[in-house]
Amino acid sequence: MAEIVLAEPTDDPNQNSAGTSRRRVYDTADTKRPFIRSLTLGREHVPEPFDSEKLPVTLVSEIQKFLRVANQIEVEEPRVAYLCRFHAFEVAHNLDRNSSGRGVRQFKTSLLQRLEQDEEVTIRKRREKSDLRELRRVYRQYKDYIIKHGGEYTLENRERLIRARAIASILFEVLNTVTSAAGSQAHAETENARSEFYMPYNILPLDQGGIPHAIMQLPEIKAAVAAVRNVRSLPFLDDFRRQTPYLDLFDWLQFCFGFQKGNVANQREHLILLLANTHVRHSHKQSSKLVDGALDALMNKFFKNYTEWCKFLNRKSNIWLPYLKQDSQQHKLLYIALYLLIWGEAANLRFMPECLCYIFHHMASELHGMLSGALSMITGERVTPAYGGGSENFLNCIISPIYEVILKEAMKNRNGTTDHSTWRNYDDLNEFFWSPDCFGIGWPMRLDHDFFCADPLKNDKTKKSRAPNEIREEARRENNEDDEMGGNSPTTANDTRRPIWLGKTNFAEIRSFWQIFRSFDRMWSFLILSLQAMIIMACHDLESPIQVFDASILEDVMSIFITSAVLKLIQAIFDIVFTWKARRTMDTAHRRKDVLKMVMAMMWTIILPIFYAKSRGKYTCYSTRNGSWLGEWCYSSYMIAVAFYLTSNAVNMVLFLVPAVGRYIETSNTQMCTMLSWWTRPRLYIGRGMQESQVSLLKYKFWCCFRYTLFWMLLLLSKFSFSYTFEIKPLISPTRQIMRIGIKNYDWHELFPKVKSNACAIAAIWSPIILVYFMDAQIWYSIYCSVFGGVYGILHHLGEIRTQGMLRSKFDTLSSAFNACLIPPQSKDNKEWITDWLCHPGFLKDLENKKGGVIKFVLVWNQIISSFRDEDIISNREMDLMIIPMSSELYSGRVYWPVFLLANKLSTALSIARDFVGKYDTLLKRIRKDNYMYLVVIECYESLKYILDILVVGDLERRIISGIIDEFEESIGKSSLLEDLHISKVQDLYAKCIDLVELLVDGNEDHHYKVVKVLQDIFELVTDDLLVNGSRTLDLLHAYQQLEGDETEFFSHFEPELFASSHSIHFPLPDSDPLIEKIKRFHLLLTVKDKAMYIPSNLEARRRISFFATSLFMDMPKAPKVRTMLSFSVLTPHFMEEVKFSKKELHSAKEGVSINFYMQRIYPDEWENFLERIGSEKPDSVNDEINEEDLRDWASFRGQTLSRTVRGMMYYRKALKLQAFLDMTEDDDIIQSYDAIDKENDTLSAQLDALTDMKFTHVVSCQIYGSQKSSGDPQAQDILDLMKRYPALRVAYVEEKEEIVNGGTRKVYSSVLVRAVNGFDQEIYRIKLPGSPNIGEGKPENQNHSIIFTRGEALQAIDMNQDNYLEESLKMRNLLQEFQRVQGRRPTILGMREHIFTGSVSSLAWFMSYQETSFVTIGQRILANPLRVRFHYGHPDLFDRIFHLTRGGISKASKTINLSEDVYAGFNTTLRKGYVTYHEYIQVGKGRDVGLNQISKYEAKVANGNSEQTLSRDIYRLGRRFDFFRMLSCYFTTVGFYFNSLISMIAVYVFLYGQLYLVLSGLQRSLLLEAKVKNIKSLETALASQSFIQLGLLTGLPMVIEIGLERGFLNAIKDFVLMQLQLASVFFTFSYGTKSHYYGRTILHGGAKYRPTGRKVVVFHSSFTENYRLYSRSHFVKGFELLLLLIVYDLFRRSYESSKAYVLITYAIWFMSMTWLFAPFLFNPSGFDWGKIVDDWTDWNKWIKQQGGIGIQQDKSWHSWWNEEQAHLLHSGITSLIIELLLSFRFFIYQYGLVYHLDISGKSKNFLVYVLSWVVIVVIFLLLKVVNLGKQYLSANFHMAFRLFKVILFLGVVATIVTLSFICDLSLKDLIICCLAFLPTGWGLILVSQTLRPKMECIGLWEFTRVFARAYDYGMGVLLFFPVAVLAWLPIISAFQTRFLFNEAFSRRLQIQPILAGKKKKRR
């Protein structure tokens, strides 16, 4: 058996080829020669592997395993390999006889040729007489090997056994087929063998008689397996055991309900691991029987949502448990297993948790019926499942029909182009099951039910026949019974009713800005009413707040309730209008309530104004007694009416003030509570009981948790005080003056001359103030967030260790902090508890720290430093300086601190001693002040003694050295060391010791004489110079020789020969690792002069060490033991992103420089460390010597690649293994056995692996891995390499293959999980899907299909641009313990910190990283506490896995509306009474985009996502269900931030157009001259507030606070100033434009979509064309508009307004316009390089002139880009188009104001002037149209005539202008004003044409519009290009741009200039 060649295990051997043909002919003893003739007869057989990887997709899962085994055993057993290939051929032929599948014919031909080639050759090499016997012989060999070695535990033997069993399984399958073909005689010869030699498995090898893995020996696993295999007393056992002899609960459920085998196997392991992990925490002893507590805990988690659902729908739960304890446990397991099997096969239905509840409800009823032996009321027979039977019945009969509905509805979305209200998304379909109407579907399901209708067109035909209410009532009558089983039969033939489309459910996503008001109506009402009240108060000129209680003033202030009634009416109308498309699924009570609310609001809207008007000034007064401050109290009938109005809102007031009452009302099903909740808010399944208890304030320390109520009260007080004082009150006086004067003379034709009080002027002044009023709360939020977040961070020890100096000073406390945080507390019995109580509280802790804590800290510290070295962020020397030696002295508490802490301490101590004057005790005390200095002196002294003891072996020499040492120690003991030594000579001794140690480290035997010489020098130095009175030892020896009488002889022999004898010293020293390490350390202590703050030199290493050390002092839960910790999984979605940089990518210079060159320049120190690690000594020419895979890994680990993410996540496994070792090993054995952590063949290592596997799983969802394999994509091999490198890694993918059905093909989709075994990917589970999983958004669908393969109680969502670190992984079990903490409620999502690792190259990357860092630290810190509104903002949050898998998953996937899929997980969790926390003691790495274009795409994607959130039901429900203050928090931290950015931008336009109105109409001159209204301070204040957002100060303040906390406030201020010098304000202003543009446009027109950013690593130059395409409509057009407005405003205000006021008001707008125009070129690498400018100009002209068409991309043609840019208008609703038209009309109003200032108009104010301006425009358009037509028809054939025609036209235009200048006084100023007026008008006409495109196409003007638009774009491009080209011509500009763009890189001494130079060189 030693010669067996082992192959890798393959697919499930149980998937036998039942359809295999029996016509196979084998060579047996009784048969003739085979029927295939060899083509290679007579030639020597040279076995070559047949390609087993590139196979047809339709065959790969069935035949690949046979071909792989054939390749593995071909060398040793060629005939058996031939038989395996023949079997594969026959299976392939039976699967596709007509070879209709893609690539099948070519494959079969190739394989048949190989079989013909091998037949004769292999039969000659056969050892037995027949194929059957040959096959049986080989099979028996493998079987004997398995039996012989089955009990071995070492990893190497386990791998061999796995391979042997895999081969044996395949051979058994082939043997069965050959045996069947050979006939009955062969059957008689076969043995009773089993095929379960190898069953592919994931974590648990559950096959019968499996290899004894260590994980299967764990008691908790045994208990869980035993519980699952307990099938005693189940019905139908005998029938099922005929099919499967080894039956468990899952097999029983499979046979009953028709689940898939892959699903059953997957969920079996899933449940066993859950049971084991829960059992070990609930069982105090290692019990082999599952404890009930563990099972009950899982029952509560799994069925909490189901039981609440039943309660909500007034249905009884169908979970029935027997009274017997043993049967009860079995039934609980059956219910959990049933739910898991439903969930595991539900595919896209997993996004619909209540739909799964409905399915489980009926199937649980069937399960209970079978278990109890109940009889069906319909058939009278025993209850059996309605859909039982085959292995795919559940999928085909239950999942597929609902999936088809989801698919049909999703198809109506048309990639986001249709309105959300026209199709049902996941939420709509799921929310149908929130109503009792869902039971109308019945069981078996009625497929003619309205739920399954997806065609709205059917409604019109059936609308009149039957009302939805009638259908609903009938469904309720049909389902009135509690038992829904069989209660609904399919529709009979007599029922001719056609199903109708139900429409939206409970909510319709209407695209409107009013959604913001509707969702947050309380906030808007509050702000509006507060504004009204403040204006009234300001108008009354209040001097004291008490004056408000004056009757007249109070009545005026109370007029706000009229406004309140109007707002409530608006809200009621919106509720009806916006839910109109969901009316069919609403019950009558809901509709009745909406109508009643509208009627009530209308009543109050009428009543309150009437009472106000009639009772104004009519008061009834009463005088108060005792001189009350109220004085005389008066009231009116209006006030009484207001009191009644407020009484109607009493319920809402009570609910707000007493949240517990509201929570009870919403969650209770009593009739009274139902009535109260019916009026206050719609009764929905989610969003109930979300109130936060105000009493929770008392539960926590005040400094730990400021409650959000206090936060918002302070914020609102500040906001209103500021607004009243600086915005509203100063505007009252100018307003009164404006209203008093009567202006009759205007500079234009006034369209509304009869409007009184100058209303338009007042509107122009007040509008920007009001807009800023509604926006500036965002600014106050930023300020308070910074203050509160900073205080909170200080109190929680953020920045405890900020520098290396602080780390050095606190390093000796790290071990105790580490022990307190990361080492589990020892379990204590009662006696130990008593001892602990009696003793000093810190005694046992100190004892533990001394004994075990230090050694564990040292071990972990060294592992961390080793990981630094593996990552190449430190060098070998730095590693030696940072490692702490492992020695037995650690047990006594003696720690040899790392050398980087002790560096320079010895030389400092020697200098102190040399210059010291005084007593020894004083010197010792001085040295002891620095503990490290004292320790290094002691260690060096002991090290020297130790080395001399080993080095010197001569008897005489040893006695001399021993004597001298005794003299030194005697002097130390007597404190006479200073008197006995010449301290100044110690420096000489120090130098000689260095020489000695260097020779010892070198260890060169040829230097023996040098060692002797140094020893003699040291001896002479000590005896002659160092000792004051000489050595007594030498004196004694001298005296001894004198007594012998041979003094001369002694000295003549002694002095020259001391240490020189060959037996005197042992050199080289013994080859002992501890000795070598000690000598190296001694050498470092003597020689290292670096200070600690420079070690390590790498900034990333410093940051990581500092953060890890800081986190040990933060508040984190105590770490449990690994065995009792919560288990968790990491899920990483992957689509087409980089796995590893390929060789081609690594060296190609497509973007200017290669990735390899780029990485070497950006990470120069890490590149040198990498070369040192691989042993390369030629850094200048290493590329040819470095292993290519090592180079790929090094570069990939520094990019945003999947390999970097997987490496980081696998640190979890390494950390858990290390921690499990510390848990399992006694303190005294750690040093002896710690190397077992890295050993692979050790039994202890196997046990550690088993424990780690039970706790951690990493699944990468590589969605297209299957297609990548079949197409030969190199990324598939990279993914396989990752699996081979990390055996615990699992890859899930979606397999799409064609299945042959009735001669045709159909696509079949499956979710597949694979692992790496024996160098191949081996399929573990395969679960067929009802169809393509990609129905909604790609990423959540990718997560959803693979989430079934995750394990554990927690799930971490990690994106593939993230990283992790070993030191952070050590804290994972602490973080998981947060799920066990109860702070009001248990957390369901744990947020954690992120470090942005891409901020070290360019300034943009630096800005982005700081902005992101401030959000993921101080921002989320405040969101979680005190605001309690943190949601889920992407990765790396940790989910309560069971909570989320029963409530819809970790994201939402509806197309378009869930574009920002991650945040909806947080919304969903909060609405379902989950709790989200945030923790900063642990972090992961995250990459961000580094170029402006990438960042802008990302910002656009996020803005699109936020606009869709604004329309979503989740935001609506949060805004309605939160209490007032949490609602404010929710608004300002989600969509409010983007809406306020939009308001801020609108305020700029409103201000400019308002000021332009005042200037052009002549009102401003009149106001200045007549009303003396000069500088209005409120406007300056408002615009200053706007600029606060615009310039990025909104994010800048939190950024400064966070940097100050973590790095010091001096560094924070320095960085902030440096950022401003690097044009950070330009970047933030530009980014602000991106946010506002895409947010506003998406709400108005839609068009949200995922925008891939590329995540490139190379900083590359973007062409002018690309920049124009990206920013033309979002920035350039708006920038030009603002610029024109500013110029016109400046031109026409100069005569009567000071320039100073103009500058103060408009400086921010000038800055914004210039930023929007030129920022893309400022931040474009090499943007001012003349060579690039020339290339860009050529490319721009080519692009602008290129004709578009089908297949021509945007980057190739202006035409294609233009069509795509306005595509959103084609799908906009009528309201959006009207708004777009109204916005376009602003250009015509602009023109209206300018034409009346033309000299040619003669100051006429007749409306005819404006009409004539349009005549001029029409003439210009006609001329352009004529030229365009002439170009089309004349330019080709009549070229000269066309040119002459253009000349005549030009001369005619010139003649007209000259004539007008003489006749009508047309001036140059008029021409300029005409250009300023008509150019925007032309653009407005283009916008109108685009909006009315169908009409333009009908009348034939669309082509002219396109030509006109091209001319405008060309003109704008030239205007942008010209200043850029001028600057590029100046040589210094390019260097300056490089400097500010890459300043961060320059400060790190990185070589940016060579990179840019490299680009130029390679382009040439």
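Predicted model, so just to flag it, every value in this text is computed and none were measured.

Attention now moves to the overall build of the protein. Along the backbone of the protein there are 83 helices and 12 strands. Each of the 1964 residues in the protein was classed as buried or not, and the buried ones make up 59%. A separation threshold of at least 6 residues defines the contact pool for the protein, and within that pool the share at least 24 residues apart is 80%. For the protein, the accessible area works out to roughly 81,900 Å², and carbon and sulfur atoms hold 59% of it.

What follows is about the pattern of salt bridges. Taken as a whole and assessed by the stated rule, the structure comprises 93 salt bridges. Between arginine 1351 and glutamate 269 there is a salt bridge whose closest N-O contact spans 2.9 Å. Residue arginine 1351 is found in the loop between helix H55 (1338–1346) and strand E8 (1354–1357), and its partner glutamate 269 is found in helix H10 (residues 261–282); the two are separated by 1082 residues along the sequence. In this structure, the salt-bridge partner of lysine 1328 is glutamate 392, at a minimum N-O distance of 3.2 Å. Remark: glutamate 392 occurs in the loop between helix H13 (353–372) and helix H14 (393–411) and lysine 1328 occurs in strand E7 (residues 1320–1328); sequence separation between them is 936 residues. Exposure remark for glutamate 392: the relative accessible area of 25% places this residue in the partly exposed category. Through salt bridges with shared partners, a single ionic network connects Asp428, Glu431, Lys504, Glu509, Arg1513 and Arg1517.

Turning next to the packing of helix H73 (residues 1758–1765) against helix H80 (residues 1902–1929). Interaxial distance between H73 and H80 falls to 11 Å at its minimum, and their mutual angle equals 105 degrees. In terms of their interaxial angle, H73 and H80 are classed as roughly perpendicular. Residue-level inspection shows Trp1758, His1759, Trp1761 and Trp1762 of H73 in contact with H80, the latter providing Trp1902, Thr1905, Arg1906, Ala1909, Arg1910 and Asp1913. Here the contact of H73 with H80 is built from residues that sort into five nonpolar, two polar and three charged.

To continue, consider unusual backbone geometry. What is expected of a backbone is that most residues other than glycine have negative phi and most peptide bonds are trans. Residue proline 444 is bonded to the preceding tryptophan 443 through a cis peptide linkage, with omega at 5 degrees. Summarising the element assignment, proline 444 is placed in the loop between helix H15 (426–431) and helix H16 (458–462). The phi dihedral of phenylalanine 236 is positive, around 65 degrees, even though this residue is not glycine. With respect to the helices, strands and loops of the structure, phenylalanine 236 is situated in the loop between helix H7 (219–228) and helix H8 (237–241). We classify phenylalanine 236 as partly exposed; its relative accessible area is 24%. At histidine 797, a residue that is not glycine, the phi angle is positive and equals roughly 65 degrees.

A cluster of basic residues, Lys1745, Lys1831, Arg1843 and Lys1846, forms a positive patch at the surface. Relative to the assigned elements, arginine 1843 resides in helix H77 (residues 1839–1863). When its relative accessible area of 47% is taken as the criterion, arginine 1843 is described as partly exposed.

Here we come to the nonpolar core. In globular proteins that are soluble, nonpolar side chains generally tend to be buried together. Grouped together as the largest cluster of nonpolar side chains are 470 residues, with contacts concentrated most on Trp252, Ile359, Trp524 and Phe811. Discounting residues that sit within four places of it in the chain, isoleucine 359 has contacts with Ile342, Leu349, Phe394, Ile398, Ile399, Ile402 and Trp443. If you look at the next biggest cluster of nonpolar residues, it comprises 41 residues, including Phe89, Leu171, Phe172 and Val178.

Here we come to helix H72 (residues 1730–1745). Across its 16 residues, H72 extends 23 Å between first and last C-alpha, which sits within 8% of the 22 Å expected from 1.5 Å per residue. If you check which residues of H72 are buried, you get Lys1732, Ile1733, Asp1736, Trp1740, Asn1741, Trp1743 and Ile1744. Within H72, the buried residues cover an arc of 165 degrees as seen down the axis, which keeps them to one side. Seen from the open side of H72, the exposed residues pointing more than 90 degrees away from its buried face are Thr1738, Lys1742 and Lys1745.

With that settled, consider the environment of leucine 1036. Here leucine 1036 lies in helix H42 (residues 1032–1044). Under the relative-accessibility criterion, leucine 1036 is labelled exposed at 62%. For the pair formed by leucine 1036 and glycine 963, sequence separation is 73 residues and the distance between their alpha carbons is 10.0 Å.

Each regular strand shows side chains that alternate between the opposite faces of the sheet. Within strand E10 (residues 1389–1396), eight of the eight residues are buried, which leaves the element mostly enclosed by the surrounding structure. As paired strands, E10 and strand E11 (residues 1438–1440) are joined by two bridges and run antiparallel to one another. Looking at the pairing, isoleucine 1389 lines up with phenylalanine 1439 of E11. Inspection of the sheet shows E10 paired to strand E12 (residues 1476–1486) by eight bridges, in the parallel sense. Counted as the bridge partner of leucine 1390 is threonine 1477 from E12.

Another point: the packing of helix H21 (residues 560–578) against helix H23 (residues 637–647). Interhelical geometry of H21 versus H23 gives an angle of 40 degrees and a closest axis separation of 11 Å. In terms of axis orientation, H21 runs oblique to H23. For the pair H21 and H23, the crossing hand works out as left-handed. Residue-level inspection shows Phe561, Ile562, Ser564, Ala565 and Lys568 of H21 in contact with H23, the latter providing Tyr638, Val642, Tyr645 and Leu646.

Here the focus is the confidence of the model for the protein. Low pLDDT marks regions whose predicted coordinates should not be analysed in detail. With 84% of its residues at a pLDDT of at least 70, the protein reaches an overall mean of 82. Within the model, pLDDT remains below 50 along residues 184–195, and this stretch shows 26 contacts once partners closer than five positions in the same chain are excluded. Scored below 50 in pLDDT, residues 1047–1056 shows 12 contacts in the model against residues more than four places distant or in partner chains.

A few words on a nonpolar patch on the surface. A surface patch of nonpolar side chains, amounting to about 730 Å² of accessible area, comprises Val1847, Phe1850, Leu1851, Val1854, Val1858, Phe1862 and Ile1863. What makes isoleucine 1863 exposed here is its relative accessible area of 62%.

To continue, consider the packing of aromatic side chains. Within the structure shown, the criterion is met by 106 aromatic pairs. Geometrically, the ring pair formed by tryptophan 712 and tyrosine 781 is stacked, given 6.2 Å between the ring centres and 15 degrees between the ring planes. Of this pair, tryptophan 712 sits in helix H27 (residues 708–740) while tyrosine 781 sits in helix H29 (residues 777–795); the two residues are 69 residues apart in sequence, bridging distant segments of the chain. Taken as a pair, tryptophan 712 and tyrosine 781 share a single burial class, namely buried. Here arginine 518 stacks its cationic end above the ring of tyrosine 1516, 4.3 Å away from the centre of that ring.

The next subject is the environment of lysine 856. Turning to its location among the elements, lysine 856 is positioned in helix H32 (residues 843–870). For lysine 856, a relative accessible area of 6% corresponds to the buried category. C-alpha of lysine 856 to C-alpha of isoleucine 1231: the two residues are 375 residues apart in sequence and 9.6 Å apart in space. For lysine 856, the contacting residues outside a window of four places in its chain are Phe818, Ile823, Gln826, Leu1222, Asp1227 and Ile1230.

Now for the environment of serine 718. Assignment of secondary structure puts serine 718 in helix H27. Expressed as a C-alpha distance, the spacing of serine 718 and tyrosine 784, which sit 66 residues apart in the sequence, is 10.0 Å. If we skip the residues at most four places from it in the chain, serine 718 touches Trp780 and Tyr784. For serine 718, the side chain forms a polar contact with the main-chain oxygen of leucine 714, separated by 2.9 Å.

With that out of the way, let us pick up the side chain of aspartate 1278. Checked against the element boundaries, aspartate 1278 lands in helix H54 (residues 1274–1285). Excluding anything up to four places from it in sequence, aspartate 1278 contacts Val1139, Lys1140 and Arg1192.

Rules used in this analysis
Note on numbering: residues in each chain are counted from 1, in written sequence order. Confidence filtering applies because this is a predicted model: local features only for residues at pLDDT of at least 70, side-chain atom pairs given and counted only at 80 or more, and all residues used for totals across whole chains, interfaces and linings. Only heavy atoms go into the side-chain values, all of them from the structure, while hydrogens and water stay out. Numbering of helices and strands starts at the N terminus; helices are DSSP runs of H or I of at least 4 residues and strands are runs of E of at least 2. In this scheme, a residue with accessible area under 20% of its type's maximum is buried, one over 50% is exposed, and one in between is partly exposed, where area comes from a 1.4 Å probe on protein chains only. Whether two residues touch is decided by their heavy atoms; if any such pair falls within 4.5 Å, the residues are in contact. In this description, accessible areas are obtained by the Shrake-Rupley approach with a 1.4 Å probe, and a residue is regarded as covered only by the protein chains that are shown. We define a salt bridge as a contact between a side-chain nitrogen of Lys or Arg and a carboxyl oxygen of Asp or Glu at a distance within 4 Å. Angular values range over 0 to 180 degrees, each being the angle between N-to-C directions of two axes fitted as lines to C-alpha atoms, with helices fitted over their stretch in contact. Note on terminology: angles under 35 degrees are roughly parallel, angles over 145 are roughly antiparallel, angles of 65 to 115 are roughly perpendicular, and the others are oblique. Classification convention: Asp, Glu, Lys, Arg as charged; Ala, Val, Leu, Ile, Met, Phe, Trp, Tyr, Cys, Pro as nonpolar; all other residues, Gly among them, as polar. Patch building starts from residues that exceed 30% relative accessible area and form no salt bridge, then joins like charges within 9 Å and nonpolar side chains (Val, Leu, Ile, Met, Phe, Trp, Tyr) within 5 Å. Charge counting treats Lys and Arg as positive and Asp and Glu as negative, with His and both chain ends excluded. Charged groups are reduced to one reference atom each: NZ for lysine, CZ for arginine, CG for aspartic acid, CD for glutamic acid. We call a set of buried Ala, Val, Leu, Ile, Met, Phe, Trp, Tyr and Cys residues a nonpolar core when their side-chain atoms join them within 4.5 Å. To estimate how far a helix should reach, multiply one less than its number of residues by 1.5 Å. By definition, the arc is the one covered by directions from the helix axis to the C-beta atoms. Whether two strands pair comes down to DSSP finding at least two bridges between them. Handedness of a helix crossing follows the sense of rotation of the near helix relative to the far helix, less than a right angle counterclockwise being left-handed and clockwise being right-handed. Values of pLDDT, the confidence the predictor places in each residue, fall between 0 and 100. Two aromatic rings, drawn from Phe, Tyr or Trp (for Trp, its six-membered ring), form a pair once their centres lie within 6.5 Å of each other, and the interplanar angle then sorts them: stacked below 30 degrees, edge-to-face above 60, tilted otherwise. We call a charge positioned over a ring when the NZ of a Lys or the CZ of an Arg lies within 6 Å of the ring centre and within 35 degrees of the ring normal. Contacts described as polar in this section are N or O atom pairs within 3.5 Å, which, within protein, must combine one atom able to donate a hydrogen with one able to accept it, while residues neighboring in sequence count only if both atoms come from side chains.

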